[in-house]
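Listed here are the chains, written in short residue letters.
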Amino acid sequence: MAGSNFVDYVKIFARSGHGGAGSAHFRREKFVAFGGPDGGDGGKGGSIVLQGDSQYWTLIHLKYQRHQFAEDGQCGSGARSSGKDAKDIVIPVPLGTVAKQVLTDENGETYTEYAGEVTEHGQRLVLLKGGRGGLGNWHFKTPTNQAPRYAQPGEDGAEGTFILELKVLADVGLVGFPNAGKSTLLAAVSAAKPKIADYAFTTLEPNLGIVEVRDGHSFVMADIPGIIEGAHEGRGLGTRFLRHIERNSVLLFMIPADSDDIARDYEVLLGELTQYNPELLDKQRLLAVTKCDMIDEELEQQLQPSLPEGIPTLFISSVSGYHITELKDMLWRALHE
């Protein structure tokens, strides 16, 4: 399948390290028959940590590293020598990665629980903490117990299964049926080079492009694979890419001028988004009627009554450049309203 280098969903099994045991050691020196307790503390076990890295744009590096195990902390020793802490396992992930832990209820049914998300470069999210090291026996010396033989064991680490999902971070998301001209628009307004062809599902992975507007400003646009009726139930490419729309500030609906019914197509697209996640309706929406190099102004006027109400609409052509500058300005204003 094309686009196999883009992986936006992986399941990993992770285990943090156990803490090292504290030492129950006694000082042994020449001419000192009964030295006091001097057992050192155990080291901390390694944690499992996600860290945002802007150089990554896919989770493909985890596709073949689905087991992530941290080492245990070292045990303490005499002369109050502490055991060495184990290194954390730090997993780089692209910005926009959401982590969910897979859990099991009392009936044996599995469910997921939100564990956090990584949206900034350098941001760290601890999935599993390493176990604390145990205290050595010198901590337990008291006036009534001068020679404690007890030292703490190290704390156990933890283990768990996690689902990592990538939701593309972009300012503007392009929403439309397959072959609505989304990839053509992205190629026209940015340096992105998405695959473009005149058949459905050319785009099999989200493409990002930086769109420059006036005065040196810019915003990020995402070309998201085409939605079809029933996508929220898994038809076509299904819900695999609907999640990427959740991250966009503005949604640009794109419907070609040769559509049989522009308003109906818009309602179908809106319905798919609503049934996937009703909160998507809170986002700012704009409509671009595409492929307008095929029509003249008179036909444009005739199409006006068929447009959906209550959404700012612009007729555009990515091929001829018709109204493309106006579209970029309109999107920029929408982002800053």
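Everything here concerns the structure above.
Residues numbered from 1 in each chain as written. Predicted model: local features only at pLDDT ≥ 70, side-chain atom pairs only at ≥ 80, totals over all residues. Heavy atoms only, no water.

**Student:** For this particular structure, what's the right way to read the pairing of strand β6 (residues 110-118)?
**Tutor:** Every other side chain in a regular strand lies on the same face of the sheet, so the side chains alternate between the two faces. Looking at chain direction, strand β5 (residues 97-104) and β6 are connected through 8 bridges and run antiparallel. In the sheet register, Gln101 faces β6, and the bridge partner there is Glu113. Here β5 folds back onto β6 in antiparallel fashion, the turn holding 5 residues, of which Gly108 has a positive phi close to 85°. (Pairing = 2+ DSSP bridges. Helix = DSSP H or I, 4+ residues; strand = E, 2+ residues; numbered from the N terminus.)

**Student:** Just to check I follow, could you spell out the environment of His244 for this structure?
**Tutor:** Mapped onto the fold, His244 is located in helix α2 (residues 242-245). A residue is classified by how much of its surface remains accessible, and His244, at 0% relative accessible area, is buried. Remark: the alpha-carbon pair of His244 and Ala222, spanning 22 residues in sequence, is separated by 8.7 Å. (Buried < 20%, exposed > 50% of the residue type's maximum accessible area, 1.4 Å probe, protein only.)

**Student:** Can you help me understand the packing of aromatic side chains in this one?
**Tutor:** The relation between two aromatic rings is expressed through the spacing of the ring centres and the mutual angle of the planes. Under the counting rule described, the total for this entry stands at 3 aromatic pairs. The interplanar angle of 85° and the centroid separation of 5.9 Å between the aromatic rings of Phe13 and Phe69 together place this pair among those described as edge-to-face. Placement of the pair is Phe13 in strand β1 (residues 9-15) and Phe69 in strand β3 (residues 67-69), with a sequence separation of 56 residues. For Phe13, a relative accessible area of 23% puts it in the partly exposed group. Ring centres of Phe140 and Tyr150 lie 5.1 Å apart, and the angle between their planes is 65°; on these two criteria the pair is classed as edge-to-face. Placement of Phe140 in the loop between β7 (124-128) and β8 (159-166) and of Tyr150 in the loop between β7 and β8 is noted, with a sequence separation of 10 residues between them. Residue classification places Phe140 among the partly exposed positions, given a relative accessible area of 25%. A cation over a ring is seen here: Arg15 above Phe69, with NZ or CZ 4.3 Å from the ring centre. Over the ring of Trp138 we find Arg80, and its NZ or CZ is 3.9 Å from the ring centre. (Phe/Tyr/Trp six-rings, centres within 6.5 Å; stacked < 30°, edge-to-face > 60°. Lys NZ or Arg CZ within 6 Å of the ring centre and 35° of its normal.)

**Student:** How do you make sense of the sheet that holds strand β12 (residues 250-256) when you look at a structure like this?
**Tutor:** The pairing of strands in a sheet comes from backbone hydrogen bonds and takes either a parallel or an antiparallel form. Here we have 6 strands laid out as an open sheet, ordered β10-β11-β9-β12-β13-β14, and mixed in their pairing. The open sheet has two free edges, formed respectively by β10 (207-212) and β14 (313-315), since each of these has just one partner strand. Averaged over all neighbouring strand pairs, the angle between strand axes comes to 25°, with direction disregarded. Sheet topology places β12 next to strand β13 (residues 284-290); 7 bridges connect them, and they run parallel. In the strand pairing of β13, Val250 is matched with Gln284. Where helix α3 (residues 262-276) meets the sheet, it contacts β9 (172-175), β12 and β13, and its direction lies at approximately 140° from that of β12. Strands β9, β10, β11 (218-223), β12, β13 and β14 of the sheet are contacted by helix α5 (residues 324-335), whose axis makes an angle of about 105° with β11. (Axes fitted to C-alpha atoms, helices over the stretch in contact; angles between N-to-C directions. Contact = heavy atoms within 4.5 Å.)

**Student:** How should I be thinking about unusual backbone geometry in this particular structure?
**Tutor:** Among all residues save glycine, negative phi is the norm, and among peptide bonds the norm is trans. Of note, the phi angle at Lys291 is positive, near 60°, even though the residue is not glycine. In this structure, Lys291 sits in the loop between β13 and α4 (297-303). The phi torsion at His323 lies on the positive side, around 65°, for a residue other than glycine. Summarising the element assignment, His323 is placed in the loop between β14 and α5. Judged by its relative accessible area of 22%, His323 falls in the partly exposed class.

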